[in-house]
Amino acid sequence: MTTSSTPQNGTITFGQRPIALVAWHATEAILRLSQATLARIDMTQPQWWALNNIVRAEHGLTREEIRALAVPYGMGPQVMVDASDALVHRGWLGIGADGRLTLTEQGREGLATAKEHMDRVRAELLGDITEEEYATAASVLQRVTDNLAQESL
């Protein structure tokens, strides 16, 4: 029988809990914390993603390039365009003559503030987890994903 609580020492044995359930609960907890943290600074997660993608692009991104970005959690590509539009309205993104969106000074300051908050989120979610443990967990989940991708071929 599968237990619904984590063992006291935090160690789950093979088959004790379905990996999908553990991954789902982790995803929900991470999203709740991330979204609540960003909301405290009047930002949404898609706006956070948009800013990060635009700042990484040497010359900014067009709306079409933003629409083409991979968006997690089943959100459609329009969510990134809407987030970018909100950031333009807020004055955090400017639109060049070529239609490219780039961060304004206000946007750079907002991104820096958000990064500070999200760094604290990462520290909180990692807690006492070592880099090695984190890398192992991420590697195992990626292998599960890869195994299932092969099954669908």
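Predicted model only: the values in this text are computed from it and were never measured.

Student: Tell me what's going on with the overall build of the protein chain, and back it up with residues and numbers.
Tutor: Of the regular secondary structure elements, the protein chain holds six helices and two strands. Tracing the protein chain from N to C terminus, the helices and strands come up as α-α-α-α-β-β-α-α. Buried positions account for 25% of the 153 residues belonging to the protein chain. Long-range contacts, defined as pairs at least 24 residues apart, comprise 52% of the intrachain contacts of the protein chain with a sequence gap of at least 6. Total accessible area on the protein chain is roughly 10,400 Å²; 55% of this is exposed by carbon and sulfur atoms.

Student: Describe in detail the nonpolar core, supporting the description with residues and values.
Tutor: Counting residues in each nonpolar core, the largest one holds 23 residues, and the members touching the most others are Leu 38, Met 43, Trp 48, Leu 51, Ile 54 and Ile 66. Examining the composition of this core, we find that five residues originate from one element, helix 2 (residues 45-56), more than from any other. Excluding residues within four positions of it along the chain, Leu 51 makes contact with Met 43, Leu 87, Trp 92, Leu 93, Leu 103 and Leu 111.

Student: Tell me about helix 4 (residues 78-90), residues and numbers included.
Tutor: The terminal C-alpha atoms of helix 4, which comprises 13 residues, lie 18 Å apart, in line with the 18 Å expected from a rise of 1.5 Å per residue. Within helix 4, burial applies to Met 80, Val 81, Ala 83, Ser 84 and Leu 87. Projected onto a plane normal to the axis of helix 4, the buried residues spread over an arc of 160 degrees and lie on a single side. Looking at the buried positions of helix 4, the neighbouring elements they touch are helix 2, helix 3 (63-67), strand 1 (93-95) and strand 2 (101-103). Looking at the residues trailing helix 4, positive phi occurs at Gly 91, about 90 degrees.

Student: Describe helix 5 (residues 105-126), naming the residues involved and giving the relevant values.
Tutor: Between its first and last C-alpha atoms helix 5 spans 31 Å; for 22 residues at 1.5 Å apiece the expected length is 32 Å, and the two agree. Looking only at helix 5, the buried set comprises Gly 107, Gly 110, Leu 111, Ala 114, His 117, Met 118, Val 121 and Leu 126. Gly 127 lies just past helix 5 and shows a positive phi near 50 degrees.

Student: Account for the pattern of salt bridges, with residues named and values stated.
Tutor: Side-chain pairing between opposite charges can occur once the charged atoms of the two side chains come close. Tallied over the entire structure, the rule returns four salt bridges. A salt bridge links Asp 42 to Arg 90; the nearest nitrogen and oxygen atoms lie 3.7 Å apart. Linking Asp 42 in the loop between helix 1 (19-39) and helix 2 with Arg 90 in helix 4, this pair joins segments that are 48 residues apart in sequence. Taking the relative accessible area as the measure of exposure, Asp 42 reaches 55% and is therefore exposed.

Student: A description of the environment of Val 144 should follow, citing residues and the corresponding values.
Tutor: When you line up the elements, Val 144 lands in helix 6 (residues 131-151). Looking at Val 144, the relative accessible area reads 28%, which means it is partly exposed. As for Val 144 and Ala 20, which are separated by 124 residues in sequence, their C-alpha atoms are 9.8 Å apart.

Conventions we followed
- Residues numbered from 1 in each chain as written.
- Predicted model: local features only at pLDDT ≥ 70, side-chain atom pairs only at ≥ 80, totals over all residues.
- Heavy atoms only, no water.
- Helix = DSSP H or I, 4+ residues; strand = E, 2+ residues; numbered from the N terminus.
- Buried < 20%, exposed > 50% of the residue type's maximum accessible area, 1.4 Å probe, protein only.
- Contact = heavy atoms within 4.5 Å.
- Areas by Shrake-Rupley, 256 points an atom, 1.4 Å probe, with all protein chains shown as cover.
- Core = buried A, V, L, I, M, F, W, Y, C linked by side-chain atoms within 4.5 Å.
- Expected span 1.5 Å × (residues − 1).
- Arc of directions from axis to C-beta.
- Salt bridge = Lys/Arg side-chain N within 4 Å of Asp/Glu carboxyl O.

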